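# A look at the structure
Here is how the chains run, residue by residue.
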Amino acid sequence: MTVYRSRHALAGPLTPNRIAALRIPTARKGYRPEEVDALLHRLAFELQRRTQERDEARQEGQRIRDALRSWQWEVAQERVGR
């Protein structure tokens with residue numbers, strides 16, 4: 001996996017906590033801070049949710065692989081016992 005590299009505030013891997021803690025400096029004419037904060041909050045939430053879904057999918061994949069190995073072992077034992 002490639003890691004995005006920058007000399008700015010988001011250098012390093014993005015995590016929900018880093019996004020939630022990020023504060024963007026304001027200028028005289030620029031974005032409204034409350035809208036930026038709301039977007040950062042949503043990004044952190046979405047990243048956390050997708051990370052959780054990925055972890056659950058990996059666990060389910062491992063459960064399926066374990067069940068398949070167990071079934072294969074049982075079938076092999078039945079063939080040996082014949």
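The coordinates are above.
Source: prediction; values computed, not measured.

Moving on to the overall build of the protein chain. Counting its secondary structure elements, the protein chain contains two helices and zero strands. Going through the 82 residues of the protein chain one by one, you find that 12% of them count as buried. Working note: accessible area of the protein chain is about 7900 Å², and carbon and sulfur atoms make up 55% of it.

What follows is about the pattern of salt bridges. According to the stated counting rule, one finds seven salt bridges in the structure shown. Bridged by salt links that share partners, the residues Arg42, Glu46, Arg49, Arg50 and Glu53 form one connected network.

Note that Glu46 resides in helix α2 (residues 33–81). Polar side-chain contacts of Glu46 include one of 2.8 Å to the side chain of Arg49.

To continue, consider the nonpolar core. By size, the foremost hydrophobic cluster in this structure holds five residues: Ile19, Leu22, Val36, Leu40 and Ala44. The greatest single-element share of this core, amounting to three residues, is contributed by α2.

What follows covers the environment of Thr51. Position of Thr51 among the secondary structure elements: in helix α2. Its relative accessible area of 23% is what places Thr51 among the partly exposed residues. Separated by 2.7 Å, the side chain of Thr51 and the backbone oxygen of Leu47 make a polar contact.

Cut-offs used in this document
- Residues numbered from 1 in each chain as written.
- Predicted model: local features only at pLDDT ≥ 70, side-chain atom pairs only at ≥ 80, totals over all residues.
- Heavy atoms only, no water.
- Helix = DSSP H or I, 4+ residues; strand = E, 2+ residues; numbered from the N terminus.
- Buried < 20%, exposed > 50% of the residue type's maximum accessible area, 1.4 Å probe, protein only.
- Areas by Shrake-Rupley, 256 points an atom, 1.4 Å probe, with all protein chains shown as cover.
- Salt bridge = Lys/Arg side-chain N within 4 Å of Asp/Glu carboxyl O.
- Polar contact = N/O pair within 3.5 Å; in protein donor to acceptor, adjacent residues only side chain to side chain.
- Core = buried A, V, L, I, M, F, W, Y, C linked by side-chain atoms within 4.5 Å.

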